[in-house]
Amino acid sequence: MIILGIETSCDETAASIVKDGREILSHVVASSAQMHIETGGIIPERAAREQVRSIIPVIEKALLEAIEKLKNKKQSVPQFFSSSVPVDAIAVTVGPGLVGSLLVGVETARTLAYVFNKPLVPVNHLAAHIYANWLRPEVKTQNAIRKTIKFTEPKLPAVALVVSGGHTDLVLLKEHGNMVWIGGTRDDAAGEAFDKTARILGLPYPGGPAIAAEAANFQMTNDKFQIKLPRPMIGEDNFDFSFSGLKTAVLREVSSLGFARDKKVSSAIAYEVQEAITDVLVEKALRAVKEYKVGTLLLAGGVAANQRLREKFELRIGDSESGIDFRVAPAWLCTDNASYIASYAYYNFKPTPWQEISANPGLTITQIGGRLTERKE
Ligand code: KG4
Ligand code: ZN
């Protein structure tokens with residue numbers, strides 16, 4: 001089954017075509033991040049206006065790239081939707097996200113589903129992040145031949161840690177379509193903690209990659225200048241997180257140590273921010289794996305692109321927690337894109353009449369279009 005995925009929940013406009021939930025035929029992401037760097041964060045109206053401009057060219061590019069890959073070069077774009085060349089269904093993020101941005105994708109998908117008479121699958125952006133782990137990434141070999149790396153599907157049940165800009169959730173994925181929420185943040189999300197502390201340090205948006213780069217500076221210079229930040233809730237017997245105290249602690253350090261743009265202070269703080277956030281995430285996720293006695297741990301969401309976080313999971317699992325099948329997709333599949341939207345729709349194929357699909361900015365990870373798949377145990 002070939003699915004066209006559409007994603008516009010935040011500042012990206014993305015379209016992908018994915019075969020059988022695993023094989024990426026095309027992957028197009030247009031980001032307005034550059035625009036947001038200038039403003040130090042996202043201005044929702046500006047993001048949506050940009051998305052209105054880019055959505056059609058992005059979908060068109062995804063279709064053309066897929067045609068190229070399928071060697072159906074003579075097909076025009078409208079024919080691609082016809083029965084002779086199968087785009088079997090369309091999948092679109094309905095929430096959570098910024099309402100203006102979501103509407104761009106949802107209205108486009110509804111129109112395409114109506115005009116080309118295709119099934120339309122509403123997708124929860126957060127749950128879909130997890131499905132980056134089902135995509136078979138291709139790597140370019142030295143002689144530029146694209147090769148699919150050896151890959152087996154993750155086994156369920158699994159614990160998944162979803163860490164994005166606006167959400168931090170731990171869930172138990174029993175089987176496709178059956179997910180139980182087991183914990184999450186009580187205040188700021190992990191990505192938000194990166195973004196807000198980066199801002200305090202005068203680093204650019206998005207804060208995650210900026211903090212990671214600044215932290216790498218600290219490690220490289222092997223500076224002895226040490227700062228200690230708290231690891232909120234790390235010892236508590238639950239699966240919840242709290243990251244809002246970190247920005248207060250960083251503010252305190254900055255005002256007591258002096259000017260944030262002093263490179264020495266800034267990189268020492270960035271290093272410790274990254275250590276504090278990743279320590280808590282690793283500890284709680286591994287505790288959940290033990291508690292729920294599952295063999296698979298899936299890491300997902302934009303923060304999963306963080307190298308230090310991936311490394312810490314691998315070290316812990318290699319060391320004391322061996323036997324856990326730890327999965328994380330390449331960084332370009334962890335940050336927002338439409339390939340995992342299409343993959344999610346394949347494994348959770350519940351087409352809904354286009355008339356009944358609408359943007360739902362406040363969805364939680366276990367909800368689809370307002371329906372709960374299962375309540376917390
Ligand atoms: O999932 P995502 O792309 O968008 C949302 O759905 O929110 O996540 C974006 C978040 C941002 O907070 C960004 O700072 C963070 O992911 N992020 C990172 C890294 N790359 C992106 N955080 C830490 N390290 C990174 N390398
Ligand atoms: Zn996301």
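Data block above holds the structure.
What you see is a predicted model, and the numbers here were worked out from it, not measured in a lab.

What follows concerns the coordination of the zinc ion (ligand 2). Of the protein atoms, only His-125 (NE2), His-129 (NE2) and Asp-336 (OD) coordinate the zinc ion (ligand 2), at distances of 2.0 to 2.1 Å. One chain supplies every donor for the zinc ion (ligand 2), spaced along it as H-x3-H-x206-D. Residue His-129 is located in helix α5 (residues 125-129), and its partner Asp-336 is located in the loop between α11 (331-334) and α12 (339-347); the two are separated by 207 residues in the primary sequence. Across the pair, Asp-336 and His-129 agree in class, each one buried.

Strands in a sheet are paired, the pairing made by backbone hydrogen bonds, and the direction either parallel or antiparallel. Strand order in the open sheet formed by five strands is β10-β9-β8-β11-β12, and the pairing between neighbours is mixed. Single-partner strands in this sheet number two, and they are β10 (178-184) and β12 (325-328). The average angle at which neighbouring strand axes cross in this sheet is 20 degrees, direction not considered. In this structure, strand β9 (residues 168-175) lies alongside β10, joined through six bridges in antiparallel fashion. Looking across to β10, one finds that Glu-175 is bridged to Asn-178.

Before going further, it helps to spend a moment on the packing of helix α6 (residues 190-200) against helix α9 (residues 263-291). Between α6 and α9, whose axes approach to 11 Å, the crossing angle comes to 175 degrees. When the interaxial angle is binned, α6 and α9 end up roughly antiparallel. Two secondary-structure elements touch here, α6 through Ala-190, Ala-193, Phe-194 and Thr-197 and α9 through Val-273, Gln-274, Ile-277 and Leu-281. Residues that form the contact of α6 with α9 fall into these classes: six nonpolar, two polar and no charged.

Attention shifts here to the nonpolar core. The biggest cluster of nonpolar side chains holds 85 residues, and the ones touching the most others in it are Ile-130, Leu-297 and Phe-313. No other element matches the 15 residues that α9 contributes to this core. The next biggest cluster of nonpolar side chains, apart from the first, holds 28 residues, and it includes Ile-17, Leu-25, Phe-81 and Ile-357.

This part takes up the pattern of salt bridges. Opposite charge on two side chains makes pairing possible when the charged atoms of those side chains draw close. Applying the stated rule across the entire model yields 18 salt bridges. Across the pair Glu-272 and Lys-228 runs a salt bridge, and its minimum N-O distance is 4.0 Å. Of this pair, Glu-272 sits in helix α9 while Lys-228 sits in the loop between α7 (207-221) and α8 (244-257); the two residues are 44 residues apart in sequence, bridging distant segments of the chain. Looking at Lys-228, the relative accessible area reads 65%, which means it is exposed. Its salt-bridge partner being Arg-287, residue Glu-283 comes within 3.6 Å of it at the nearest N-O pair. Of the two residues, Glu-283 and Arg-287 both sit in helix α9, four residues apart, roughly one turn of that helix. Given a relative accessible area of 23%, Arg-287 falls into the partly exposed group. One salt-bridge network, in which partners are shared between bridges, spans Lys-228, Arg-231, Glu-272, Glu-275, Asp-279, Arg-308, Glu-311 and Lys-312.

Once that is clear, we can look at the sheet that holds strand β5 (residues 120-124). Strand order in the open sheet formed by five strands is β3-β2-β1-β4-β5, and the pairing between neighbours is mixed. Two strands in the sheet have a free side with no partner beyond their single neighbour: β3 (23-31) and β5. Strand-to-strand twist across the sheet, computed as the mean angle between neighbouring axes with direction ignored, equals 20 degrees. For strand β4 (residues 89-95) and β5, the ladder comprises five bridges, and the chain directions are parallel. Within the sheet, the bridge partner assigned to Thr-93 lies in β5 and is Val-123. Running over the sheet, α12 touches β1 (2-7), β2 (12-19), β3, β4 and β5 and is turned about 130 degrees from β1.

With the rule as written, the count across this model stands at ten aromatic pairs. Ring geometry for Tyr-131 versus Tyr-344: centroids 5.4 Å apart, planes at 90 degrees, classification edge-to-face. In this pair, Tyr-131 sits in the loop between α5 and β6 (138-140) while Tyr-344 sits in helix α12, placing the two residues 213 residues apart along the sequence. By the ring-pair criterion, three or more aromatic residues cluster together here, those being Tyr-131, Trp-134, Tyr-344, Tyr-346 and Tyr-347. If you follow Arg-327 out to its NZ or CZ, it ends over the ring of Phe-151, 5.9 Å from the centre.

Once that is clear, we can look at α12. In terms of burial, α12 is a largely internal element, eight of the nine residues being buried. Residues Ser-339, Tyr-340, Ile-341, Ala-342, Ser-343, Tyr-344, Ala-345 and Tyr-347 constitute the buried set of α12.

The subject of this paragraph is the side chain of Ser-26. For Ser-26, the position within the fold is in strand β3. Classification of Ser-26 as buried rests on a relative accessible area of 2%. Excluding its chain neighbours within four sequence positions, the residues that come into contact with Ser-26 are Ala-15, Ser-16, Ile-17, Ala-62, Glu-65, Ala-66 and Ser-339.

This part is about unusual backbone geometry. Here Leu-156 and Pro-157 are connected by a cis peptide whose omega angle stands at 5 degrees. With an omega dihedral of -5 degrees, the bond running from Tyr-205 to Pro-206 counts as a cis peptide bond. The topology assignment puts Pro-206 in the loop between α6 and α7. With a phi angle near 50 degrees, Asp-20 is a residue other than glycine that sits in the positive phi range. Mapped onto the secondary structure, Asp-20 falls in the loop between β2 and β3. Residue Asp-20 is classed as partly exposed on the basis of its relative accessible area of 23%. Non-glycine residue Asn-117 carries a positive phi angle of around 55 degrees. For Asn-117, the location among the structural elements is in the loop between α4 (99-116) and β5. The exposed category is assigned to Asn-117, whose relative accessible area is 67%.

Conventions we followed
Residues numbered from 1 in each chain as written. Chains lettered and ligands numbered in written order. Predicted model: local features only at pLDDT ≥ 70, side-chain atom pairs only at ≥ 80, totals over all residues. Heavy atoms only, no water. Donors = N, O, S within 2.8 Å, 3.2 Å for Na, K, Ca; no water. Helix = DSSP H or I, 4+ residues; strand = E, 2+ residues; numbered from the N terminus. Buried < 20%, exposed > 50% of the residue type's maximum accessible area, 1.4 Å probe, protein only. Pairing = 2+ DSSP bridges. Axes fitted to C-alpha atoms, helices over the stretch in contact; angles between N-to-C directions. Parallel < 35°, antiparallel > 145°, perpendicular 65-115°, else oblique. Contact = heavy atoms within 4.5 Å. Nonpolar A, V, L, I, M, F, W, Y, C, P; charged D, E, K, R; others polar. Core = buried A, V, L, I, M, F, W, Y, C linked by side-chain atoms within 4.5 Å. Salt bridge = Lys/Arg side-chain N within 4 Å of Asp/Glu carboxyl O. Phe/Tyr/Trp six-rings, centres within 6.5 Å; stacked < 30°, edge-to-face > 60°. Lys NZ or Arg CZ within 6 Å of the ring centre and 35° of its normal.

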